[in-house]
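Notes for the structure review
What follows is the residue order along each chain.
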Amino acid sequence: MNYEMMKQSERELQAEFLKYCEHVYNIWLFVHKSLKTKHTTQKELEYVYSMEDISNHSEAQIQDDCIWSISKNEPLANHLRYLIAIINSSKDLERMSDYAVSAMRFFVNNKIPDDIRILIVNIMHDALSANAKVNQSLKTKAAIDTYKTCQTVYTHFRKQYDTMLDALSTILKKSTVEQIESLFRGAIIIIKHIERLMDHVVNIAENFMFIKQPDLFFTKQSKQVNK
């Protein structure tokens, strides 16, 4: 009976978590569309704030549900790792929504040159495309398949990101000192936020791999140390 309750708890948490994934993706999608159409106003920013409020509530609710499941079901190792994966991934999603708010706030309060804006729009599109593929895999595939999908899309994203940085470097070489200072006060930070968005997507895929392969993070850390 306890096993059946735990599996039911996992299914409910999964549905709640996937809904949260979709919500965070939609925040970024809204920011992308606003920037693409140059339609970044205070009204749009307030809407993003309202979406972030829902994100914060979702994270808190998921963590409460995980704590309740632990106290009620006395989970075994696999189920406990599942709950840990959900908790850690919900933190990743919350940070992703924070980055979207930061980006939108900057776009509303600052005028970005068209060449820089186009670079940001394009790399944001690549990040969103990758995010969508990982989200879809989370819904329909096993953790190992999602992890492989994530590795594939992340490798593609990094190539696009490096190309974007090269283009940005070319633009900066033609900019005045004042223009460069202005860009570093915001646009460069937003570009970094997009990179971090993808890092969090990778974290989520790894969190769910952790359920079946708990030594994953030790292996990853060892590889980083030995580089």
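Owing to the predicted nature of the structure, the values given are computational and were not obtained by experimental measurement.

On to the packing of aromatic side chains. Under the criterion given, the structure shown has six aromatic pairs. On the basis of an interplanar angle of 65° and a centroid distance of 6.1 Å, the ring pair of Phe 106 and Phe 107 is categorised as edge-to-face. With relative accessibility at 3%, the residue Phe 107 sits in the buried group. Each member of the aromatic cluster is reached from another via a ring pair, and the members are Phe 17, Tyr 82 and Phe 208.

For helix α2 (residues 42-73), with 32 residues, the first-to-last C-alpha span of 46 Å sits near the 46 Å given by 1.5 Å per residue. For α2, the complete set of buried residues consists of Glu 44, Leu 45, Val 48, Met 51, Glu 52, Ser 55, Ser 58, Glu 59, Ile 62, Cys 66, Ser 69 and Asn 73. The positive-phi residue at the C-terminal boundary of α2 is Glu 74, with phi of around 45°.

Right, let's get into the side chain of Ser 137. With respect to the helices and strands, the residue Ser 137 is situated in helix α4 (residues 114-140). Here Ser 137 falls in the buried class, since its relative accessible area comes to 3%. Setting aside its immediate chain neighbours within four residues, Ser 137 contacts Asp 145, Thr 146 and Thr 149.

What counts and how
- Residues numbered from 1 in each chain as written.
- Predicted model: local features only at pLDDT ≥ 70, side-chain atom pairs only at ≥ 80, totals over all residues.
- Heavy atoms only, no water.
- Phe/Tyr/Trp six-rings, centres within 6.5 Å; stacked < 30°, edge-to-face > 60°.
- Buried < 20%, exposed > 50% of the residue type's maximum accessible area, 1.4 Å probe, protein only.
- Helix = DSSP H or I, 4+ residues; strand = E, 2+ residues; numbered from the N terminus.
- Expected span 1.5 Å × (residues − 1).
- Contact = heavy atoms within 4.5 Å.

What is shown is where atoms sit, not what they do.
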